[in-house]
Amino acid sequence: MKTILTAAAAASLLTLGACSQSATENKADNIEATAENVADNIEAAGENAATGLENAADSSRDAAANTADATREAGQEKADAVREGNSQ
């Protein structure tokens, strides 16, 4: 209980301290907060771009694998036709 009262008192003092900040300090705090938000947005954009590139790479790999599978299948069919005497 004593710890809770101490924490509440500390929070109250911090709140009162924030009220008595100068206009200059408030402006500086706002600049820092804005810069932090912009930095967070830049990081998020980078993550989104990386995710998009990863998805594009996955699609490209899948398309290449499908083409390779189709090529193998066509080669197998042609080889089977030659074996059966139906070569073209």
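For the structure, see preceding data.
About the cut-offs
Residues numbered from 1 in each chain as written. Predicted model: local features only at pLDDT ≥ 70, side-chain atom pairs only at ≥ 80, totals over all residues. Heavy atoms only, no water. Helix = DSSP H or I, 4+ residues; strand = E, 2+ residues; numbered from the N terminus. Buried < 20%, exposed > 50% of the residue type's maximum accessible area, 1.4 Å probe, protein only. Areas by Shrake-Rupley, 256 points an atom, 1.4 Å probe, with all protein chains shown as cover. Patch = residues over 30% accessible without salt bridge, like charges linked within 9 Å, V, L, I, M, F, W, Y side chains within 5 Å. Salt bridge = Lys/Arg side-chain N within 4 Å of Asp/Glu carboxyl O. Lys, Arg positive; Asp, Glu negative; His and termini not counted. Charge placed at Lys NZ, Arg CZ, Asp CG, Glu CD.

Glancing now at the overall build of the protein chain. A count of helical and extended segments in the protein chain gives two helices and zero strands. Among the 88 residues that make up the protein chain, the fraction classed as buried is 0%. Counting every atom, the protein chain has about 7,400 Å² of accessible surface; 58% of that belongs to carbon and sulfur.

Once that is clear, we can look at a negative patch on the surface. Where like charges cluster on the molecular surface, the negative patch consists of E36, D40, E43, E47 and E54. Taking relative accessible area as the criterion, D40 reaches 35% and is therefore assigned partly exposed.

Counted under the stated rule, the structure contains three salt bridges. For the salt bridge of D58 with R61, the shortest nitrogen-to-oxygen distance reads 2.3 Å. Of this pair, D58 and R61 both sit in helix α2 (residues 23–83), separated by three residues, roughly a single helical turn. Judged by relative accessible area, R61 falls into the exposed class, the value being 52%. Across the pair R72 and D69 runs a salt bridge whose closest N-O atoms are separated by 3.5 Å. Linking R72 with D69, this pair stays in helix α2, spanning three residues, or about one helical turn.

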